[in-house]
Each structure stands twice: as structure tokens, then as C-alpha cells.
Amino acid sequence: RKPMPSKLKDDEVQELYAWVDQVPLSRPKRNFTRDFSDGVLFAECVNYFFPRLVEVHNYSAANAFSQKMYNWQTLNKKVMSKIKCVMSQKEMEDCANCVPFAMEKLMLRLQACANDRPASRPAPPSSA
């Protein structure tokens with residue numbers, strides 16, 4: 001399991017947002033934490049970097065905590081376990097409850113998992 005970063009630096013967060021911007025999402029991002037809280041856009045990101053692992057139609061947009069948790073638990077069980085990026089119950093609850101930076105920390109773990117995988121998509125051009 002990839003470790004969860006404890007504190008995030010501003011430049012790390014900005015680089016993460018730029019990384020996520022390369023993913024074609026079904027909804028616009030206005031408030032990162034809130035927009036990703038139901039797991040749907042996160043599932044789309046996972047699908048972008050790990051094609052054929054996610055059946056995006058299994059995840060429905062949700063406002064209710066119970067439906068958000070259903071999406072996160074399904075994603076964790078069916079997908080995250082396969083890419084060795086399993087989430088704890090607290091991580092899922094924090095994401096569903098829009099806890100500040102919970103989503104960014106999880107997305108950084110996904111980024112690390114995506115960077116460790118065999119290339120299935122071209123790597124984004126580096127901005128260095």
C-alpha cells in the first residue's frame with residue numbers, strides 16, 4: 001500500500017491539479033474536493049490511467065453520503081485493490097465528507113500508482 005502524504009506543499013497541489021487536468025472528465029471541476037467526493041470523477045481518472053479496470057457506468061453522481069460511500073467502497077474493492085492502492089475506511093469517509101485535502105492526498109497516491117505501472121498511455125509532456 002502506498003503511504004499517504006501527511007502534509008501537502010502548495011506546489012505539489014498545483015502540480016497535481018495540472019496532472020488531473022489532462023484527464024477528460026464528464027463534469028467540470030469547480031471545487032476539487034466537493035466535485036470528486038462522490039467517487040465518479042475519481043473513477044474516471046483511474047479509468048484514464050488504468051484502462052479496462054473501471055466500469056465507469058457503475059458509479060452514479062451522488063449527494064447523499066450513503067451513495068457516495070457505496071461508490072467509494074465499490075471502487076476500492078473492485079479497482080483500487082487491483083492497482084495496490086487500497087483505501088482505508090477513514091480515507092473513503094474523508095473523501096465522501098469533503099474533508100480538506102483528503103481527495104488531493106488520495107489523488108497523489110493514484111498518481112504514484114499510475115507512475116509505477118507499465119506504460120499503457122503516453123506519459124504527459126514534462127513541464128520542466
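Here we summarise the structure given alongside this text. (Residues numbered from 1 in each chain as written. Predicted model: local features only at pLDDT ≥ 70, side-chain atom pairs only at ≥ 80, totals over all residues. Heavy atoms only, no water.)

1. A short note on the overall build of the protein
Scanning the protein from N- to C-terminus turns up six helices and zero strands. Listing the helices and strands of the protein from first to last along the sequence gives α-α-α-α-α-α. Surface accessibility of the protein: about 7,400 Å² in total, with carbon and sulfur atoms responsible for 51%. (Helix = DSSP H or I, 4+ residues; strand = E, 2+ residues; numbered from the N terminus. Areas by Shrake-Rupley, 256 points an atom, 1.4 Å probe, with all protein chains shown as cover.)

2. Some words on the packing of aromatic side chains
Counting across every chain of the model gives five aromatic pairs. Each ring, one from tyrosine 17 and one from phenylalanine 32, has its centre 4.9 Å from the other, and the planes form 50°; the classification is tilted. One end of the pair, tyrosine 17, is in helix α1 (residues 10-21); the other, phenylalanine 32, is in helix α2 (residues 32-35), with 15 residues separating them in the sequence. When its relative accessible area of 23% is taken as the criterion, tyrosine 17 is described as partly exposed. (Phe/Tyr/Trp six-rings, centres within 6.5 Å; stacked < 30°, edge-to-face > 60°. Buried < 20%, exposed > 50% of the residue type's maximum accessible area, 1.4 Å probe, protein only.)

3. Some points on the packing of helix α3 (residues 40-49) against helix α6 (residues 102-116)
The N-to-C vectors of α3 and α6 enclose an angle of 10°; their axes lie 11 Å apart at closest approach. When the interaxial angle is binned, α3 and α6 end up roughly parallel. The residues of α6 that touch α3, namely those facing Phe42, Cys45, Val46 and Phe49, are Met103, Leu106, Met107, Leu110 and Ala114. (Axes fitted to C-alpha atoms, helices over the stretch in contact; angles between N-to-C directions. Parallel < 35°, antiparallel > 145°, perpendicular 65-115°, else oblique. Contact = heavy atoms within 4.5 Å.)

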